[in-house]
Structures are given as C-alpha cells and as structure tokens.
Amino acid sequence: MELTEEINRLKAERQAIIVAHNYQVDDVQEIADYTGDSYFLSKICAKNEAKTIVFCGVRFMAESAKLLSPEKTVLLPEATAGCPMADSMTPEDVIRLKNEHPKAAVVCYINSTVDVKAECDVCCTSSNALKVIHSLKEEEVIFIPDPNLGDYVSKQVPEKKFYFFNGPCVTHSRVSIEEIKKARKLSPGAPIAVHPECPPEVVAAADYVGSTSGIVDFCRNSDAKCIVIGTEMGILYQLKKDCPDKEFRLLTPRLLCVNMKKTSLESVYHALRDNKTQIEINSTAADKARLSLERMLRA
Ligand code: 13P
Ligand code: SF4
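This section reports on the structure supplied with the text. Here the structure is a predicted model, which means the values were calculated and not measured.

1. Observations regarding the pairing of strand 1 (residues 16-21)
Buried residues dominate strand 1, accounting for six of its six residues. The two faces of strand 1 match: Ala-16, Ile-18 and Ala-20 on one face and Ile-17, Val-19 and His-21 on the other face are all buried. Alignment of strand 1 against strand 3 (residues 52-56), held across five bridges, turns out to be parallel. Bridged to Ile-17 within strand 3 is Ile-53. Between the parallel elements strand 1 and strand 2 (residues 34-36), the chain passes through helix 2 (residues 26-31) in a crossover that is right-handed.

Below, the structure is given as structure tokens:
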C-alpha cells in the first residue's frame, strides 16, 4: 500500500503515466493507467500528453513508445526484460531476404529491434496484421520475424505470396495440438481462444484467434461460462477482473513469458524514483524505424 502511494506521488511529480502489457504481473497491471495489447499501448503512447512513460512490458514495446514520442522520457523498469523473438533476427537477415525477393514488401511484426524495423516497409501487431497486409499494393510479402503469425495472416490473403523468417515465440510455441485435444475432453463445450503466435495446427483447431486484447474482448462478449485460454498467463488478471462470473482455464501451465514477469511494483517505484532505465535510441536507423511504425498507425 505504501509503495503504491509512493508510486502515485512520484507519478504526479514527474507527470508520468504507467502503461502495462496484458502479460504483466497482477499488481503492476493494477497500478497501471492503461493496460492492453501492443497496438493499443503504442497508440496511447503516441497520443498521450505525459512527460514520462513508464513502460511495463518488454524492450521492443518501450522502444516503439520512444520512437513514436522521441520528446518523452520512456522508462523500462527492468532493463533486461527483452523478447527472444525480437532478438532472433538481425538487420542482415532482413537484407538477405530482401535480396532474395526484391519485389516483396517487408512487413515487420512490432516484436522486433529498432534496426530490424528500419529495414522494413511497415510494422504490424497481432491485432492489425491483416489490415496492414491488405493495405499493400505489392503481390509478395516478406513477413518477419514470427512464422506463426505470418502463417495465420497469409492463409487469409491467398492472393499474395509470402516469405517467412523462422523466429517464433518461445512461449507460444510450447502449445501443442495434444493440449487442445486434452482441453476439448476436459472442458467439453468451452470455447478455446488462442494467440496467433501459437503453432499453425493449434491456431487451426481453436475457436477464436486474436491479439491479447482481442482475446479479452472475445471473453467479455462470449456467453460461455468456461473458456480455455491459449496465451501467456498474465492475461488471466484482466479476464478475471472483467468477467468474475466466468471460469478461465489455461491451455497449458507452460504459457509463461519470463521476461514479462520481471517487472514488479518495486521496479516501477525505482524506475520513477531514479528515472531509469531510460530508453535512448541513438541508432541512425531510428528515423527509418519510426516511419515503419507511423505507416502502421496510418494503415
Ligand atoms: P499482443 O500485441 O497481442 O498483446 O501480443 C504481444 C506479444 O508479445 C504476444 O506474445
Ligand atoms: Fe516475446 Fe513471446 Fe514474451 Fe511475447 S510472449 S514478449 S513474443 S517471448
């Protein structure tokens, strides 16, 4: 309680807002001004008047906030909170794919580094990937780094030819089709809602596929009393808060992203008190990366 009061005092002093991804631990989501998926949070950060943004999430999210609002101070409370998917791809990998497929537009999932974004035409998130791809005039698309999200969207745009990179999410890749079959037996009649970062066979067998906020909306609007969830377990906080009368069952207890769990109330407090860890993007690629994000917001 004392820590919460201190955080709120420092927040007012620094004219700060706290934004938290849907996977953050419960008490961090509780104290946040905004919680949501990557797309919602990037829009909030781009529009907000606050001087400081405390980004409770992983590095690529805080970097995207800084790219969209370079004049603001963006703090990542846990400096080592990264995303293995984002770190799986280098700009050289993108250049190689571009050389192999020179006519293709390059669509880059927001889960990527600044230097990778700079090599791409447009960014997307799991909630707007389809819209972004439909907005392209090119008939060929290089979709990076997540082959699972890429597979999911490409099946809905059969008129375009897709090329992928092999950088799936370590957390969502753990979900297996056997776990879907098991859930169907254990929870008969319960809809299964999964994130498109899950493997294609899991996505194909699910009843709903969407971003983390898409899953929250699906559960809010569903008449089902019990819903099986196939995304990182942090989402259960928002689901239980929004739908106290529904039961949520996680597809597998292995749906845990260690990086999303690094941030605590203590780290939020230290971030505000010591103004750390500030996101600085000195890379010469920053302007190009910003363009990819801005094109996404306009798509
Ligand atoms: P969302 O944009 O759906 O919140 O997903 C972000 C993410 O990292 C999923 O693993
Ligand atoms: Fe990255 Fe996967 Fe964690 Fe999302 S859940 S932040 S894609 S490692």
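2. Describing the site of ligand 1
The full set of residues close to ligand 1 is His-21, Tyr-23, Asp-37, Ser-38, Asn-111, Ser-126, His-172, His-195, Glu-197, Ser-211 and Thr-212. One of the side-chain nitrogen or oxygen atoms of Ser-38 is found 2.7 Å away from an oxygen atom of ligand 1. Glu-197 has a polar side-chain atom sitting 2.8 Å from an oxygen atom of ligand 1. Burial of ligand 1 by the protein chains amounts to 96% of its free accessible area of 300 Å².

3. Considerations on the packing of helix 4 (residues 59-68) against helix 15 (residues 286-298)
Taken N-terminus to C-terminus, the directions of helix 4 and helix 15 make an angle of 90°; their axes are 9 Å apart at the nearest point. It follows that helix 4 is roughly perpendicular to helix 15 by the angle criterion. Taking contact as the criterion, the partners of Ser-64, Leu-67 and Leu-68 in helix 4 are, on helix 15, Ala-286, Ala-289, Arg-290, Leu-293, Glu-294 and Leu-297. Its residues assigned to classes, the contact of helix 4 with helix 15 comprises six nonpolar, one polar and two charged.

4. Points about the pattern of salt bridges
For side chains bearing opposite charge, pairing can occur when the charged atoms are close. Scanning the model with the defined rule gives 16 salt bridges in all. We note a salt bridge from Asp-151 to Lys-155, for which the minimum N-O separation is 2.7 Å. Asp-151 gets classed as buried once you look at its relative accessible area, which sits at 19%. The network of salt bridges with shared partners includes Glu-6, Arg-9 and Glu-13.

5. Notes on the pairing of strand 12 (residues 247-250)
Here strand 11 (residues 226-230) runs beside strand 12; their pairing, made up of four bridges, is parallel. Residue Val-228 lies in a different strand from strand 12, and its bridge partner there is Arg-249. Each parallel crossover has a hand, and the one from strand 11 via helix 13 (residues 235-242) to strand 12 is right-handed.

6. A look at the packing of aromatic side chains
For the structure on display, the rule yields three aromatic pairs. Where Tyr-208 meets Phe-218, the ring centres are 4.7 Å apart and the plane angle is 10°; that geometry is what we call stacked. Within this pair, whereas Tyr-208 is found in strand 10 (residues 208-209), its partner Phe-218 is found in helix 12 (residues 212-221), the two being separated by ten residues in sequence.

7. With respect to helix 13
For helix 13, the complete set of buried residues consists of Ile-235, Leu-236, Tyr-237, Gln-238 and Leu-239. Packing partners of the buried residues in helix 13 comprise helix 2, strand 2, helix 12, strand 11 and strand 12.

8. Digging into the sheet that holds strand 9 (residues 192-194)
Read from one edge to the other, the open sheet built from four strands follows the order 10-9-11-12, with strand pairing classed as parallel. The outermost strands of the open sheet, each flanked by one partner alone, are strand 10 and strand 12. The pairing of strand 9 with strand 10 spans two bridges and is parallel. Its bridge partner lying in strand 10, Ala-193 is registered against Tyr-208.

9. Describing the site of ligand 2
Around ligand 2, the neighbouring residues are Tyr-23, Val-58, Cys-83, Pro-84, Asn-111, Cys-169, His-172, Glu-197, Cys-257 and Met-260. Split by residue class, the shell around ligand 2 holds seven nonpolar, two polar and one charged.

What counts as what
Residues numbered from 1 in each chain as written. Chains lettered and ligands numbered in written order. Predicted model: local features only at pLDDT ≥ 70, side-chain atom pairs only at ≥ 80, totals over all residues. Heavy atoms only, no water. Buried < 20%, exposed > 50% of the residue type's maximum accessible area, 1.4 Å probe, protein only. Helix = DSSP H or I, 4+ residues; strand = E, 2+ residues; numbered from the N terminus. Pairing = 2+ DSSP bridges. Right-handed = clockwise from strand over helix to strand, strands pointing away. Near = heavy atom within 4 Å. Polar contact = N/O pair within 3.5 Å; in protein donor to acceptor, adjacent residues only side chain to side chain. Areas by Shrake-Rupley, 256 points an atom, 1.4 Å probe, with all protein chains shown as cover. Axes fitted to C-alpha atoms, helices over the stretch in contact; angles between N-to-C directions. Parallel < 35°, antiparallel > 145°, perpendicular 65-115°, else oblique. Contact = heavy atoms within 4.5 Å. Nonpolar A, V, L, I, M, F, W, Y, C, P; charged D, E, K, R; others polar. Salt bridge = Lys/Arg side-chain N within 4 Å of Asp/Glu carboxyl O. Phe/Tyr/Trp six-rings, centres within 6.5 Å; stacked < 30°, edge-to-face > 60°.

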